[in-house]
Amino acid sequence: LVPNILDVDIFMALACTPQAYIDIFDRLPVQGMLYCLWDHVLMWAVRARMALDLVDLTIQAVWGLQYMDSALPWCIVAAGLLRDMFNMMWWYWAH
């Protein structure tokens, strides 16, 4: 981040803002700081987490459905995969 302007201590202070002072987020400089942090730093973390979650989901599906002889284990693995997939989609759309 930009030295002396966008410091981690400033973001830590904003993260600990009490509810009574929540109107500080209405100010344009604070919105600009948060947008800059989100756009240049956090978006990469969101994309990396989503990619790793997709790899994890793929490996889980391949490993879990590889040697299925009956319908019961397949249903359990499929239910777990669907749950993980919906949780990942909800998390990604929420951020």
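Residues numbered from 1 in each chain as written. Predicted model: local features only at pLDDT ≥ 70, side-chain atom pairs only at ≥ 80, totals over all residues. Heavy atoms only, no water.

(A) Structural view of a nonpolar patch on the surface. There is a patch of nonpolar side chains on the surface, built from V55, I59 and W63 and spanning about 380 Å² of accessible area. You can see W63 is positioned in helix α2 (residues 28-64). (Patch = residues over 30% accessible without salt bridge, like charges linked within 9 Å, V, L, I, M, F, W, Y side chains within 5 Å. Areas by Shrake-Rupley, 256 points an atom, 1.4 Å probe, with all protein chains shown as cover. Salt bridge = Lys/Arg side-chain N within 4 Å of Asp/Glu carboxyl O. Helix = DSSP H or I, 4+ residues; strand = E, 2+ residues; numbered from the N terminus.)

(B) Fine view of the packing of helix α1 (residues 8-15) against α2. Closest axis-to-axis distance for the α1/α2 pair is 12 Å, and the angle between their directions is 110 degrees. Judged by the angle between their axes, α1 and α2 are roughly perpendicular. Between α1 and α2 lies a crossing of left-handed hand. Each of I10, F11 and L14 in α1 lies in contact with α2, whose residues at this interface are V30, M33, L34 and L37. Of the residues belonging to the contact of α1 with α2, the class tally is seven nonpolar, no polar and no charged. (Axes fitted to C-alpha atoms, helices over the stretch in contact; angles between N-to-C directions. Parallel < 35°, antiparallel > 145°, perpendicular 65-115°, else oblique. Left-handed = near helix turned anticlockwise from the far one by under 90°. Contact = heavy atoms within 4.5 Å. Nonpolar A, V, L, I, M, F, W, Y, C, P; charged D, E, K, R; others polar.)

So far we have only geometry, and geometry alone does not tell us how the molecule works.
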